[in-house]
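# A look at the structure
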Amino acid sequence: MATSFTDWIFMGKLFHEKYLETPETWRMKPGQSNTRSVIASSLLGVLSCAAFIWLARWTDALTVRSELHMAELVWVAAAVPIIFSNIVWIKIHPLLGVSHSLGWLARFVISGLIGGWLLR
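So, here is what we can say about the structure in this document.

Conventions and cut-offs
- Residues numbered from 1 in each chain as written.
- Predicted model: local features only at pLDDT ≥ 70, side-chain atom pairs only at ≥ 80, totals over all residues.
- Heavy atoms only, no water.
- Helix = DSSP H or I, 4+ residues; strand = E, 2+ residues; numbered from the N terminus.
- Buried < 20%, exposed > 50% of the residue type's maximum accessible area, 1.4 Å probe, protein only.
- Expected span 1.5 Å × (residues − 1).
- Bend = angle between axes of the 7 residues up to and from the residue.
- Contact = heavy atoms within 4.5 Å.
- Phe/Tyr/Trp six-rings, centres within 6.5 Å; stacked < 30°, edge-to-face > 60°.
- Lys NZ or Arg CZ within 6 Å of the ring centre and 35° of its normal.
- Core = buried A, V, L, I, M, F, W, Y, C linked by side-chain atoms within 4.5 Å.
- Axes fitted to C-alpha atoms, helices over the stretch in contact; angles between N-to-C directions.
- Parallel < 35°, antiparallel > 145°, perpendicular 65-115°, else oblique.
- Left-handed = near helix turned anticlockwise from the far one by under 90°.
- Nonpolar A, V, L, I, M, F, W, Y, C, P; charged D, E, K, R; others polar.

## Points about the overall build of the chain
- Scanning the chain from N- to C-terminus turns up 5 helices and 0 strands.
- Starting at the N terminus and ending at the C terminus, the chain contains elements arranged as α-α-α-α-α.
- The dimensions of the chain, computed from C-alpha atoms along their principal axes, are 45 × 30 × 20 Å.
- By the burial criterion, 31% of the 120 residues in the chain qualify as buried.

Here it is, written out as structure tokens:
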């Protein structure tokens, strides 16, 4: 649920018009169904949240402060470099990189807080 919501806000709604500036970059043609892509992306989101919660549990980072630090660390170490490398090499508007990276940060923060709350 949290991954779908953060994806919708940060990767779907925020700067949505910027996707239209480079239509040749995106796999789907107008009118084609993107159901398979949405399902695959959603499953990846759930897997990343589960992995983040497992990492927080494994490192015993289950306080709010440690969960937020862990979210920031994973975001800076993994999501930000990959997304901004994509911005450099793929024809994508830079604001989409900003929105996607913020989406990953939100995903990690929410996952950490919910996971910590459930595991305490």
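## As for helix 4 (residues 64–89)
- With 26 residues, helix 4 should cover 38 Å at 1.5 Å per step; its first-to-last C-alpha distance of 36 Å lies within 8% of that length.
- At W75, helix 4 shows its largest kink, close to 40 degrees.
- When we look at burial in helix 4, the residues that qualify are S66, E67, M70, A71, V74, W75, A79, I83 and I87.
- Contact partners of the buried residues in helix 4: helix 3 (35–58) and helix 5 (94–119).

## Points about the environment of A50
- Along the chain, A50 turns up in helix 3.
- Residues A50 and A71 lie 21 residues apart in sequence; the distance between their C-alpha atoms is 13 Å.

## Things to note about the packing of aromatic side chains
- A complete count under the given rule lists 3 aromatic pairs for this structure.
- With a centroid separation of 5.6 Å and 45 degrees between ring planes, the pair formed by W104 and F108 is classed as tilted. In this pair, W104 and F108 both sit in helix 5, 4 residues apart, roughly one turn of the helix. Accessibility assignment for this pair places W104 and F108 in one class, buried.
- An aromatic cluster is present here, built from F52, W104 and F108 joined pairwise through their rings.
- For the cation-ring pair, R107 lies above W104, with the distance from its terminal atom to the ring centre recorded as 4.1 Å.

## Observations concerning unusual backbone geometry
- Positive phi, normally seen in glycine, also occurs at D60, with a value near 60 degrees.
- Positionally, D60 belongs in the loop between helix 3 and helix 4.
- Here D60 falls in the exposed class, since its relative accessible area comes to 57%.

## Some points on the nonpolar core
- Counting residues in each nonpolar core, the largest one holds 15 residues, and the members touching the most others are F52, M70, V74, W75, A79, W104 and F108.
- When residues of this core are assigned to their parent elements, the largest contribution, 7 residues, is made by helix 4.
- Dropping the residues within four chain positions of it, M70 is found in contact with F52, L55, A56, T59 and A61.

## Regarding the packing of helix 4 against helix 5
- Put simply, helix 4 and helix 5 touch, their axes get as near as 9 Å, and they point 155 degrees apart. What the angle tells us is that helix 4 and helix 5 run roughly antiparallel. Between helix 4 and helix 5 the crossing geometry is right-handed.
- Split into classes, the residues belonging to the contact of helix 4 with helix 5 amount to 19 nonpolar, 5 polar and 2 charged.

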